[in-house]
Amino acid sequence: MVKNTGRPGYLQIADDLRTQIRGGSLAPGTPLPSTAQLADQYDASLSVVKMAVGILRNEGLVIGQQGKGVFVRDLDDAPAAGDLVGEVAELRSAVQDLSARLAKVEEQLTTSTTRRSGRGSR
């Protein structure tokens, strides 16, 4: 059940499911209960449960199979946390680089537009 701790319900649910997965009570290959069943179990809305499961998917702990459900991944097959941290760092670096390049292009465009409008008014 989701508690009124100030921590969002979807994080509480994700924490509980993560603990069950890592503790072995939800073994690799085991399907998670349906979204409706989890919503009943945690006394939460469907959208809150979907967000919690989404977190576990992003962490690589579960995997969805279209039309079949969401299953616990074998932790040996799940991406290592270090790999994810490295990927996030690479993405941040790429975004910063692209942001700097975009700022230069925008500056050049502004300068070019200002010059053109200055010529046209003569």
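Remember, predicted model here, so these are calculated numbers, not experimental data.

K.L.:
Teacher, can you tell me more about the nonpolar core here?
P.N.:
Generally speaking, a soluble globular protein has its nonpolar side chains buried in company with each other. Ranked by internal contacts, the top residues of the largest apolar core, which has 19 residues, are Ile13, Leu17, Ile21, Leu32, Val49 and Leu56. Elements supplying a minimum of two residues to this core: helix 1 (9-23), helix 2 (35-42), helix 3 (46-58) and strand 2 (69-72). A per-element tally of this core places helix 3 first, with 5 residues. In this structure Leu56 touches Ala14, Leu17, Arg18, Ile21, Leu61 and Val62, once residues within four positions along its chain are discounted.

K.L.:
I keep staring at the pattern of salt bridges and nothing clicks. Help me out?
P.N.:
Charged atoms that come close allow side chains of opposite charge to pair. Per the counting criterion, the structure on display carries 4 salt bridges. Arg7 is paired through a salt bridge with Asp15; the nearest N and O atoms lie 2.7 Å apart. Looking at Asp15, the relative accessible area reads 26%, which means it is partly exposed. A network of salt bridges, in which partner residues are shared, links Arg7, Asp15, Arg18 and Glu59.

K.L.:
Would you mind going over the environment of Thr5 with me for this structure?
P.N.:
By the element assignment, Thr5 lies in the segment before helix 1. For Thr5, a relative accessible area of 53% puts it in the exposed group. A polar side-chain atom of Thr5 sits 3.4 Å from a polar atom in the side chain of Gln12.

Basis of the calculations
Residues numbered from 1 in each chain as written. Predicted model: local features only at pLDDT ≥ 70, side-chain atom pairs only at ≥ 80, totals over all residues. Heavy atoms only, no water. Core = buried A, V, L, I, M, F, W, Y, C linked by side-chain atoms within 4.5 Å. Buried < 20%, exposed > 50% of the residue type's maximum accessible area, 1.4 Å probe, protein only. Helix = DSSP H or I, 4+ residues; strand = E, 2+ residues; numbered from the N terminus. Contact = heavy atoms within 4.5 Å. Salt bridge = Lys/Arg side-chain N within 4 Å of Asp/Glu carboxyl O. Polar contact = N/O pair within 3.5 Å; in protein donor to acceptor, adjacent residues only side chain to side chain.

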